[in-house]
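Summary of structural features
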Amino acid sequence: MPEKKYEKIAEEVLQKVGGSSNVKYLEHCSTRLRFNLVDNSKADIEGLKAIKGVMAVIVNAQFQVVIGQDVTEVYDVLAKSVTVGGAVDVKEPVKTKKGFKKYASIFLDFLIGVFNPLVPALTGAGLVKSIFTILVTAGVLTKNDGIYQVFIAASDAVFYFLPVIIAVTTAKKLGCDKIVALAIAAVTLLPAFTTAVASEAGVSIFGLMVPNYSYSSQIFPAILTVVLMAVVEKSFRKVCPKPLRIILVPVVCFLVVTPISVLFLSPLGFKMGELFTAGLLSLHSSFGWIIVAILGAILPFLTAVGMHKPLVPYATAAFASTGFDYINAPAKIAHNISESGACFAVALKTKDVDYRAVAFSAGISAFFGISEPALYGVTLQNKKAMAGVVIAGFISAMVTSLLHLRSTVMMGTGILGIPQFIDPANPNNLYVALLGYVLAISISFAVTFVLYKEEK
């Protein structure tokens, strides 16, 4: 039974990471279990790698166990044995790192914890928007149809209410009250508040005028606000009598954090967003194609060590600020589809029947946007196959970037992600994307097919 398989993998993984008492935090992405452990030295890395069903183990900002397509099922079993969603104390020193590396690791872990949970909602909303954009473009629907308006509103809601969604994920990562955090972050979106702030009289607190900014789709104001709330909540909880905590702690959070947020932190976060957007646009206009080409070439190595997730905060901020992504999606398409082409070439050339099946299956997986089976099962094991991936990734990403390819919604970057490149304002955008797919798979297939040799 499949359930027994997942239970066995989960049981062995939990044992090898040091047991439930050694797990402070657990989450998962599309292919990996992501742990924060009390003590990494208690984990048996070689034992984890030997588990049937584990593809790789990566230790950096988080302790990552690569499972592949069964990760959700294994996670669900693990969640019954581990207290999931507990906070990671950002003040606790990382035993294996010192100085800058320690704080960089903590910061990276914080970013991943805040932004990674957003991916399903953002990609789901993006796909819905793409579907209805296609239906309107094809003449099946019009923008005045009720069904179109409802589903477009549903997809737009994810970005409009991004501040409160970010507040929840930040609060979960920091271990403070998620509902109180959501409520405080929602203040700046409340119609009555925004109307009052925008009025001629404005809103004054303690003699200070509340700045008038639009905070919908912003990410930094909510993060700054919840970080302060976590500090206030944990500090007051230490001195508040236990019988009164349930009442007084939320009250103090509202009274202290709300005015500081609307007067200082939210405006500061808004300005940070403006600077971030200006920096992105300047970077892309000056060095865009170089950055995308290099990223397309090095993504297999970033993915292999789990360092590709920091691109999620960038992509989220890019869509929230500009509505487009010029860097992340073009580079990831170049990588995923190049992995697919290399695997298909290996499947054709290898004489090992079992390895052929592995390579073909991994190629299909990469073609649909999941590159880890191809990476750990095929290309990382053979330099010639990896050469095909790197060369094709660089060329494909470079060409599409030079032709100004941009993603209009946040989606996966396999073949099912094609709708994200449908841009009514620029019909040629889709053709550039299709060119990128063709270049990536054909170049990686050709280079790998010519260079590949069976290794012992």
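Reading the values: the criteria
Residues numbered from 1 in each chain as written. Predicted model: local features only at pLDDT ≥ 70, side-chain atom pairs only at ≥ 80, totals over all residues. Heavy atoms only, no water. Helix = DSSP H or I, 4+ residues; strand = E, 2+ residues; numbered from the N terminus. Polar contact = N/O pair within 3.5 Å; in protein donor to acceptor, adjacent residues only side chain to side chain. Contact = heavy atoms within 4.5 Å. Pairing = 2+ DSSP bridges. Axes fitted to C-alpha atoms, helices over the stretch in contact; angles between N-to-C directions. Salt bridge = Lys/Arg side-chain N within 4 Å of Asp/Glu carboxyl O. Buried < 20%, exposed > 50% of the residue type's maximum accessible area, 1.4 Å probe, protein only. Phe/Tyr/Trp six-rings, centres within 6.5 Å; stacked < 30°, edge-to-face > 60°. Lys NZ or Arg CZ within 6 Å of the ring centre and 35° of its normal. Parallel < 35°, antiparallel > 145°, perpendicular 65-115°, else oblique. Left-handed = near helix turned anticlockwise from the far one by under 90°. Nonpolar A, V, L, I, M, F, W, Y, C, P; charged D, E, K, R; others polar. Core = buried A, V, L, I, M, F, W, Y, C linked by side-chain atoms within 4.5 Å. Patch = residues over 30% accessible without salt bridge, like charges linked within 9 Å, V, L, I, M, F, W, Y side chains within 5 Å. Areas by Shrake-Rupley, 256 points an atom, 1.4 Å probe, with all protein chains shown as cover.

Along the chain, T379 turns up in the loop between α15 (372–377) and α16 (383–402). In terms of polar contacts, T379 uses its side chain to reach the side chain of E339, at 3.0 Å. Leaving out residues up to four positions away in the same chain, T379 has contacts with E339, A342, A374, A385, M386 and V389.

Here we come to the sheet that holds strand β1 (residues 23–28). Read from one edge of the open sheet, 4 strands run β1-β2-β4-β3, paired in antiparallel fashion. The open sheet has two free edges, formed respectively by β1 and β3 (56–59), since each of these has just one partner strand. The mean inter-strand angle of the sheet, taken between neighbouring strand axes irrespective of direction, is 20 degrees. Pairing between β3 and strand β4 (residues 63–66): 4 bridges, direction antiparallel. Paired with A56 across the bridge in β4 is V66.

Overall, the coordinates contain 10 salt bridges when judged by the stated rule. Measuring nitrogen to oxygen at the nearest pair gives 3.8 Å for the salt bridge that ties D44 to K16. Remark: K16 occurs in helix α1 (residues 2–16) and D44 occurs in the loop between β2 (32–37) and α2 (45–49); sequence separation between them is 28 residues. Among the ionic pairs, E46 bridges to K49, the shortest N-O distance being 3.8 Å. Of the two residues, E46 and K49 both sit in helix α2, 3 residues apart, roughly one turn of that helix. Judged by its relative accessible area of 55%, E46 falls in the exposed class. On the basis of relative accessibility, which here comes to 44%, the residue K49 falls in the partly exposed class.

The next subject is the packing of aromatic side chains. Here the structure, examined in full by the defined rule, presents 10 aromatic pairs. Consider the rings of Y213 and Y215, whose centres lie 6.3 Å apart with planes at 80 degrees: the pair is edge-to-face. Its relative accessible area of 27% is what places Y213 among the partly exposed residues. Residue Y215 is classed as buried on the basis of its relative accessible area of 5%. Taken together, Y213, Y215 and F270 form an aromatic cluster joined through their ring pairs. A cation over a ring is seen here: K173 above Y25, with NZ or CZ 4.0 Å from the ring centre. We note R406 situated over the ring of F324; from NZ or CZ to the ring centre the distance is 3.5 Å.

Quick look at the packing of helix α11 (residues 245–304) against α16 now. Two numbers describe how α11 lies on α16: the axes approach to 7 Å, and their chain directions differ by 160 degrees. The orientation of α11 relative to α16 falls into the category roughly antiparallel. As for how α11 packs across α16, the hand of that crossing is right-handed. Across the interface between the two elements, H284, G288, W289, V292, A293, I294, G296, A297, P300 and F301 of α11 pack against M386, V389, V390, G393, F394, A397, M398, S401 and L402 of α16. Its residues assigned to classes, the contact of α11 with α16 comprises 14 nonpolar, 5 polar and no charged.

Take unusual backbone geometry next. One non-glycine residue, F206, lies in positive phi territory at about 55 degrees. Topologically, F206 is positioned in the loop between β5 (204–205) and β6 (208–209). Backbone geometry at H404 places phi at a positive 65 degrees, although glycine is not the residue there.

Glancing now at the side chain of T448. Looking at where T448 falls in the secondary structure, it is placed in helix α17 (residues 428–451). One polar contact links the side chain of T448 to the main-chain carbonyl oxygen of S444, over a distance of 2.7 Å. The residues touching T448, leaving out its near neighbours within four places in the chain, are A342, A345, V346, K384, A385 and G388.

Among the nonpolar cores identified, the biggest contains 47 residues, and F115, L162, I166, I219, M229 and C253 are the most heavily contacted of them. Those residues in contact with C253 that lie beyond four places of it in its chain are V180, I184, M229, V232, E233 and T258. In terms of nonpolar packing, the next biggest core, distinct from the first, is built from 24 residues, Y6, A10, L33 and I67 among them.

This brings us to a nonpolar patch on the surface. Side chains of L208, L244, I246, I247, L248, V251, L255, V256, I260 and F264 sit close together on the surface and give an oily, nonpolar patch of about 890 Å² of accessible area. For the nonpolar patch, the leading source of residues is α11, giving 8 residues. Its location among the elements puts V251 in helix α11.

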